[in-house]
Amino acid sequence: MSVATEAAPRQGLIGAESLLKRYPGNPIIPRNALPDSDSILNSAVVRFGDAYRGMFRVDNQNRDMLIHPGRSADGLHWEIDPRPVQWQCRDSELEQIVYAYDPRITPLEGRYYITWCHGYHGPCIAMGVTDDFEKFELLEVVLPPFNRNAVLFPRKINGRYVMLHRPSDNGHTPFGDIFLSQSPDLIHWGSHRFVMGTAGGWQSTKIGAGPVPIETDEGWVMIYHGVLTSCNGFVYSVGCAILDLDQPWKVLHRTRRYILAPTEPYEMVGSVPNVTFPVACIHEEKTDELRVYYGAADTSVCLATTTLRELIDFTKEHDMLKS
Ligand code: BMA
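These numbers were taken from a predicted model, which means no experiment stands behind them. (Residues numbered from 1 in each chain as written. Predicted model: local features only at pLDDT ≥ 70, side-chain atom pairs only at ≥ 80, totals over all residues. Heavy atoms only, no water.)

A.B. asks: Could you give an account of the overall build of the chain, naming the residues involved and the relevant values?
C.D. replies: Each helix and strand counted, the chain has two helices and 22 strands in total. Relative to the globule expectation of 20 Å for 323 residues, the C-alpha radius of gyration of the chain, 18 Å, shows essentially globular dimensions. Principal-axis analysis of the C-alpha atoms gives the chain an extent of 55 × 45 × 45 Å. Every one of the 323 residues in the chain was classed for burial, and the buried ones make up 58%. Taking the contacts inside the chain whose residues are at least 6 apart along the sequence as the reference set, 52% of them involve residues at least 24 apart. (Helix = DSSP H or I, 4+ residues; strand = E, 2+ residues; numbered from the N terminus. Rg over C-alpha atoms; globule rule 2.2 N^0.38 Å. Buried < 20%, exposed > 50% of the residue type's maximum accessible area, 1.4 Å probe, protein only. Contact = heavy atoms within 4.5 Å.)

A.B. asks: Summarise the state of the cysteines; cite the residues concerned and give the values.
C.D. replies: Under the defined criterion, the tally for this structure stands at zero disulfides. With no disulfide of its own, Cys89 lies closest to Cys124 among cysteine sulfurs, the gap being 13 Å. (Disulfide = S-S within 2.5 Å.)

A.B. asks: Can you lay out the environment of Arg83 for me, pointing to particular residues and giving the numbers?
C.D. replies: Position of Arg83 among the secondary structure elements: in the loop between β5 (79-80) and β6 (87-89). A relative accessible area of 51% means that Arg83 is categorised as exposed. Through-space distance from the C-alpha of Arg83 to that of Pro69 is 8.2 Å; in sequence the pair is 14 residues apart. Apart from the residues lying within four places of it in its own chain, the contact partners of Arg83 are His68 and Pro69.

A.B. asks: Give me the lowdown on helix α2 (residues 308-317), citing residues and values where you can.
C.D. replies: Considered for burial, the residues of α2 that qualify are Leu308, Leu311, Ile312, Phe314 and Thr315. Across the axial projection of α2, the buried residues extend over an arc of 165°, all falling on one side. (Arc of directions from axis to C-beta.)

A.B. asks: Would you mind going over the pairing of strand β3 (residues 51-60) in detail, with residue names and values included?
C.D. replies: Of all the 10 residues making up β3, 10 are buried; the element is thus mostly covered by neighbouring parts of the structure. Of the two faces of β3, the one carrying Ala51, Arg53, Met55, Arg57 and Asp59 and the one carrying Tyr52, Gly54, Phe56, Val58 and Asn60 are both buried. Direction of pairing for strand β2 (residues 37-48) relative to β3: antiparallel, over a ladder of nine bridges. What sits directly across from Ser39, in β3, is Asp59. From the end of β2 to the start of β3, which pair antiparallel, there are two residues, and Gly49 there has a positive phi angle of about 60°. Remark: four residues form the turn of the hairpin made by β3 and strand β4 (residues 65-72), two consecutive strands paired antiparallel; Arg63 in that turn has positive phi of roughly 65°. (Pairing = 2+ DSSP bridges.)

A.B. asks: Tell me what's going on with the side chain of Asn149, and back it up with residues and numbers.
C.D. replies: In this structure, Asn149 sits in strand β11 (residues 147-152). Residue classification places Asn149 among the buried positions, given a relative accessible area of 5%. Polar side-chain contacts of Asn149 include one of 3.1 Å to the side chain of Arg104. Aside from chain neighbours lying at most four places away, what touches Asn149 is Arg104, Ile125, Leu164, His165, Arg166, Gly208, Ala209, His225 and Phe277. (Polar contact = N/O pair within 3.5 Å; in protein donor to acceptor, adjacent residues only side chain to side chain.)

A.B. asks: Got a sec to walk through the packing of aromatic side chains? Specific residues and values, please.
C.D. replies: Counted according to the given criterion, the structure contains 13 aromatic pairs. When the centroid spacing of 4.6 Å and the interplanar angle of 15° are considered together, the rings of Trp87 and Trp116 count as stacked. One end of the pair, Trp87, is in strand β6; the other, Trp116, is in strand β8 (residues 111-119), and 29 residues separate them in sequence. For the pair Phe179 and Phe194, a centre-to-centre distance of 5.5 Å together with 80° between the ring planes defines the contact as edge-to-face. With Phe179 in strand β13 (residues 178-183) and Phe194 in strand β14 (residues 190-196), the pair connects residues that are 15 residues apart, well separated along the chain. According to the relative accessible area criterion, Phe179 is partly exposed, its value standing at 26%. Joined through ring pairs, the aromatic side chains of Phe48, Trp87, Tyr112, Trp116, Phe133 and Phe136 make up one cluster. (Phe/Tyr/Trp six-rings, centres within 6.5 Å; stacked < 30°, edge-to-face > 60°.)

A.B. asks: I'd love a proper account of the sheet that holds strand β20 (residues 276-284), names of residues and values included.
C.D. replies: Neighbouring strands of a sheet are bound in pairs by backbone hydrogen bonds; such pairs are parallel or else antiparallel. The strand order across the open sheet built from four strands is β1-β22-β21-β20, with neighbouring strands paired in antiparallel fashion. Of all strands in the sheet, those bounded by a partner on one side alone are β1 (21-22) and β20. Relative to strand β21 (residues 289-296), β20 runs antiparallel, the two sharing eight bridges. Of the residues in β21, the one forming a bridge with Glu284 is Glu289. Relative to strand β22 (residues 300-307), α2 is tilted by about 80°, and along the sheet it contacts β20, β21 and β22. (Axes fitted to C-alpha atoms, helices over the stretch in contact; angles between N-to-C directions.)

Below, the structure written as structure tokens:
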């Protein structure tokens, strides 16, 4: 089904309008969707047969950050499990979950791989896998502290698995560039490459990968978040870059202008003000509609749409790499 707003065909953006159009029913998941939730935010969704599944970041009223599975028939109305995901751990050393947040889900070779920021002597990257969103296996801590915002590409590239991530520090990191690592087996990661760093304006403090990159004839479309530091703290906006298909650490195009920024009350007011944090997208091949799921103000889950064509055209039109 299409969730597009009734926008007229785009003929250049006017005034404060951004490329991504917000779903009028935002937020689609309010902070109190579970009896014990303080906030439900920065969550991943994926198509699953005729329906949808998701992994939701729930910060409970103890302010623990944990991941809960969820299901939906239409991608808009979600039933979230009140219990956090129960991982089966390959290594009992990893059984105790200190915290887990900001999951991404990548469909890969018929399975669903989940990456997230994992508390293990500091924030690092863990990876798990599921076939059915009923049983979940925690595979490994794949990148050591300090790291956040990891997402796998949906296929091997040149015979190797590829993952974007963002090395960081132990706090509210005041820096951050996007790196890429490669692996023969999803567990051991190396051949690290720099993808891109901070730039001006809305992306001047740090940047981090968002949803699973989308493969197109023109390259991998990578939606990401960019952060600026204002006199009142961080402001999280959304941008887009297009990466080379065979060497995805090479950036072909990158938006100078954001495609979404916190301008609505539910994005400007909440647990952390001024945050739009993209985590997942669903591409509807028939209509070309692209639905982007994002966390708003570290409080709720929201939705915005465009088409993949418009996103690529916008990224090329507002390309900061163009001389
Ligand atoms: C980051 C993470 C995100 C969050 C963002 C803004 O460090 O905690 O989950 O959305 O800060 O608070």
